[in-house]
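# Structure at a glance
Here are the chains, one letter per residue:
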Amino acid sequence: MIDVQNQADTRGIKIQRTGVTNVHLPLLISDGGKVQPVTAQIRFTVSLSENLRGTHMSRLMEILHDWTSTPIKISDVEKILCDAQEKLDADGSTIQIKFKYFVEQSAPVSERKSLIDVDCEIAGELYENSRMQLSLGLTVPFTSLCPCSREISNFGAHNQRSICKIKLEVADIDKAEDFGIEKIFRLIEAQGSSKVFPILKREDEKFVTEYAYQNAKFVEDILRDVVISLRGVENISGFEVECENFESIHNHNAYAYFRD
């Protein structure tokens with residue numbers, strides 16, 4: 001049959017990224033020796049020569065389907081990208097994998113166990129004559145309690161649920177497993193006024209409320225504490241941090257950003 005995609009193109013425009021997006025597939029994510037099944041949303045692209053009309057997108061889908069039954073470590077992204085370049089004769093490839101990863105939480109007093117969901121993103125870029133770019137992104141929830149509110153009030157203080165979005169750039173691909181999803185999640189959630197829990201008994205709720213009150217932090221405080229904690233993590237060449245408090249006494253949110 002005629003290979004239409006492989007027909008010559010004379011417009012002289014090289015395309016940096018072409019491929020498939022909004023792909024939903026079941027994957028197995030390997031993190032610190034644990035393997036968890038997830039439903040992933042994927043964008044997968046390759047570069048396209050100025051001499052070719054189109055790429056063979058079915059080959060990208062075939063590569064992804066071959067990984068649905070094999071546990072994926074963050075370092076495996078390089079193998080996926082190299083496979084795409086080889087099979088599509090491309091000098092560049094990228095992938096973005098988004099999924100929810102569940103981490104077990106134990107309530108502080110009752111020790112009742114539950115599962116908290118963490119939004120994750122693994123992304124990679126590989127271009128000819130360039131260093132592999134690999135990153136891990138997490139969105140971590142916690143509680144924040146306002147220091148100003150606590151200071152000026154006769155009793156009580158306003159508090160709210162907050163999130164911290166981080167993007168970590170991996171320095172050495174071969175050592176990418178040194179920091180895992182759960183490990184980084186634990187590090188970040190500890191920087192808020194208090195952790196959040198899917199299940200709390202009354203004794204737990206008392207503990208969490210009082211702990212947050214004794215650990216009041218502005219959004220800027222949380223951001224700076226996250227930055228300090230990430231600077232102590234090995235194998236990171238750079239990172240971005242966004243903190244956002246969903247204010248309980250305002251109709252707007254408090255926000256802070258930092259890039260290292």
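Each residue is numbered by its place in its chain's sequence as written, counting from 1. Local features are withheld for residues below a pLDDT of 70 in this predicted model, meaning they are given only at 70 or higher, and side-chain atom pairs are given and counted only at 80 or more; totals for whole chains, interfaces and linings count all residues. Hydrogens and waters are ignored; side-chain quantities use all the structure's heavy atoms.

### Remarks on the overall build of the chain
Helices and strands together make up the secondary structure of the chain, namely six helices and eight strands. Numbered from the N terminus, helices here are DSSP runs of H or I no shorter than four residues, and strands are runs of E no shorter than two. Helices (α) and strands (β) of the chain occur, in sequence order from the N terminus, as β-β-α-α-β-β-β-α-β-α-α-α-β-β. The principal-axis extents of the C-alpha atoms in the chain amount to approximately 80 × 35 × 35 Å. For the chain, the residues scored as buried account for 45% of the 260 residues in total. Excluding contacts between residues fewer than 6 apart, the proportion of contacts in the chain whose partners are at least 24 apart in sequence is 66%. Burial classes: relative accessible area under 20% of the type maximum marks a residue as buried, over 50% as exposed, and values in between as partly exposed (1.4 Å probe, protein chains only). Note on definitions: a residue-residue contact is assigned when non-hydrogen atoms from the two residues lie within 4.5 Å.

### Some remarks on the packing of aromatic side chains
Two rings from Phe, Tyr or Trp (for Trp, the six-membered ring) form a pair when their centres sit within 6.5 Å of each other. Planes less than 30 degrees apart are called stacked, planes more than 60 degrees apart edge-to-face, and all others tilted. Inspection of every chain in the model, using the stated rule, returns two aromatic pairs. Here Phe207 and Tyr211 contribute two aromatic rings whose centre-to-centre distance is 5.9 Å and whose plane-to-plane angle is 20°, an arrangement assigned as stacked. Of this pair, Phe207 and Tyr211 are both found in helix H5 (residues 202-214), four residues apart, which corresponds to roughly one turn of the helix. Residue class for Phe207 comes out partly exposed when judged on its relative accessible area of 39%. Residue Tyr211 is classed as partly exposed on the basis of its relative accessible area of 42%. Aromatic side chains Phe239 and Phe258 sit 6.3 Å apart centroid to centroid with 40° between the ring planes, which places their arrangement in the tilted category. Here Phe258 lies in strand S8 (residues 254-259) and Phe239 lies in strand S7 (residues 236-245), a separation of 19 residues in the sequence. When its relative accessible area of 25% is taken as the criterion, Phe258 is described as partly exposed. The rule for a charge over a ring is simple: NZ of Lys or CZ of Arg within 6 Å of the ring centre, and within 35 degrees of the ring normal. Over the aromatic face of Tyr213 sits the side chain of Arg150, whose NZ or CZ is 5.7 Å from the ring centroid.

### Digging into the pattern of salt bridges
It is possible for side chains bearing opposite charge to pair when their charged atoms get close. Salt bridge, as used here, is a side-chain nitrogen of Lys or Arg placed within 4 Å of a carboxyl oxygen of Asp or Glu. The tally for this structure, following the rule as stated, stands at 17 salt bridges. In this structure, Asp119 and Lys100 form a salt bridge, with 2.7 Å as the shortest nitrogen-oxygen distance. Of the two residues, Asp119 sits in strand S4 (residues 113-127) while Lys100 sits in strand S3 (residues 92-106), which places them 19 residues apart along the sequence. With a closest N to O distance of 3.8 Å, Lys195 and Glu189 form a salt bridge. The buried category is assigned to Glu189, whose relative accessible area is 1%. Put simply, Lys34, Glu182, Arg186, Glu189 and Lys195 are held in one network by salt bridges that share partners.

### Focus: the environment of Ser110
Mapping Ser110 onto the fold places it in the loop between S3 and S4. Sequence separation between Ser110 and Asp83 is 27 residues; the distance between their C-alpha atoms is 49 Å. When neighbours within four sequence positions are excluded, Ser110 is seen to be in contact with Lys201, Glu203 and Asp204.

### Overview of unusual backbone geometry
Phi at Asn22 is positive, roughly 55°, even though this residue is not glycine. Examined against the element boundaries, Asn22 turns out to sit in strand S1 (residues 15-31). Judged by relative accessible area, which is 47%, Asn22 ranks as partly exposed. In this structure, Asp89 takes a positive phi of about 50° despite not being glycine.

### Quick notes on empty space enclosed by the protein
In this analysis, the protein atoms alone were mapped onto a 1 Å grid. Cavities are point sets where a 1.4 Å probe fits without being able to get out; pockets are open sets with protein on both sides within 12 Å along at least five of seven lines; lining residues have an atom within 4 Å of a point. Grid points are joined across faces, edges and corners, and a volume is the space filled by probe spheres set on the points. The tally for this structure, following the rule as stated, stands at two cavities of 30 Å³ or more. Looking at the largest cavity, its volume works out to about 110 Å³. Contributing to the lining of the largest cavity are 14 residues, with Ser30, Asp31, Ile74, Glu177 and Ile181 lying nearest its centre. Broken down by element, the lining of the largest cavity gets its largest block of residues, three residues, from S1. When its residues are assigned to classes, the lining of the largest cavity shows eight nonpolar, three polar and three charged. Only Asp, Glu, Lys and Arg are considered charged, only Ala, Val, Leu, Ile, Met, Phe, Trp, Tyr, Cys and Pro nonpolar, and every remaining residue, Gly among them, polar.

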